[in-house]
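Reading the structure
One-letter residues, chain by chain:
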Amino acid sequence: MIEIKAKLKAARAAYMVEVKGRLPLPFAARQQRGLKAKLDSGEEVVLNLPRGEVLRGGDLVTASDGRVIEVVAKTEKLLHVECKRPADLARIAYDLGNRHVPVLVGDGFLRLAAEPALAEALKKKGATVSEVEVPFEPDAVGAHEHAAEGHGGEAHGHGHPHHHGHHHGHEHKH
C-alpha cells in the first residue's frame, strides 16, 4: 500500500512539480492519521502525516513510491448559516469558536459540518440554516493549526474551560 508521510512545504510554483495522482477527501478525513483512502485512480493509500497536520484542498503530498499527489477537498453536506443582523452572526461564530467547531467564515454567512442537533440549536438562536453541498475549507481548526495562525510556532491545545473570558482571536502561549 502506498504511504503518504509528508506535505510539500514549498509553494507549488516554486518548482516544476509533476502531479501524478489526486486524493479526494472530506475535511474530517484530511486531519486523520492512519486513515486508509483511495486515489481517484482507485489505488489505496494510507495517510501517516505528522500529528496535527491538516491537509487543505490543493496541497501536494509525497507518496512512498516518490509520486507527488494533489489533495482535493471533496464536496460534502454543510450547514449554511445566515442571520438578519451581523451582530447575531458574530455571536454565533464566537460561540462555535469557543466549542472549537471548524467553521468557514464567509461574507455574511458561516458554514460548518452538517449536524442536525447543531442546526436546531442555531435556528433557536434566530439563524436561518440551510444545507449546501460544497467542498469544506474552514478558516481555522482549533489547536490543529495554531502554529500557522500566529502563535509563535508553538502548537498547543486548549485545556481551559469555556467560561474563562479570554478570546481566541489574539496571540497567546500556554
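One structure accompanies this document, and this report is about it. Since the model is a prediction, treat every value here as computed from it, not as a measurement. (Residues numbered from 1 in each chain as written. Predicted model: local features only at pLDDT ≥ 70, side-chain atom pairs only at ≥ 80, totals over all residues. Heavy atoms only, no water.)

1. With respect to the pattern of salt bridges
We count it as follows: Here, a salt bridge means any side-chain nitrogen of Lys or Arg that lies within 4 Å of a carboxyl oxygen of Asp or Glu. Under the scheme used here, helices are H or I runs from DSSP no shorter than 4 residues and strands are E runs no shorter than 2 residues, and both carry numbers assigned from the N terminus. In this scheme, a residue with accessible area under 20% of its type's maximum is buried, one over 50% is exposed, and one in between is partly exposed, where area comes from a 1.4 Å probe on protein chains only.
In this structure the tally under the stated criterion is 13 salt bridges. A salt bridge links K125 to D95; the nearest nitrogen and oxygen atoms lie 3.2 Å apart. Placement of K125 in the loop between α2 (116-124) and β10 (128-135) and of D95 in helix α1 (residues 86-98) is noted, with a sequence separation of 30 residues between them. Of the residues examined, K125 reaches a relative accessible area of 45% and is grouped as partly exposed. For D95, a relative accessible area of 22% puts it in the partly exposed group. Ionic contacts of the salt-bridge type, sharing partners, join the residues K7, K9, E53 and D59 into one network.

2. Some thoughts on unusual backbone geometry
At H100, a residue that is not glycine, the phi angle is positive and equals roughly 60 degrees. Tracing the sequence through the fold places H100 in the loop between α1 and β8 (104-106). The partly exposed category is assigned to H100, whose relative accessible area is 29%.

3. Details of the sheet that holds strand β3 (residues 35-38)
Backbone-to-backbone hydrogen bonds join strands into a sheet, with any given pair of strands oriented parallel or antiparallel. Heads up, the rule is: A pair of strands is considered paired only if DSSP assigns at least 2 bridges between the two. Axis definition: a line fitted to C-alpha atoms, over the contacting stretch in the case of helices. Angles run 0 to 180 degrees between N-to-C directions.
If you walk across this open sheet you meet the six strands as β2-β6-β5-β1-β4-β3, and the pairing is mixed. Each having just a single partner strand, β2 (19-25) and β3 make up the two edges of the open sheet. Across the sheet, the mean angle separating the axes of adjacent strands is 40 degrees when strand polarity is ignored. For strand β1 (residues 2-7) and strand β4 (residues 44-47), the ladder comprises three bridges, and the chain directions are parallel. Bridge pairing links I2 to V45 in β4.

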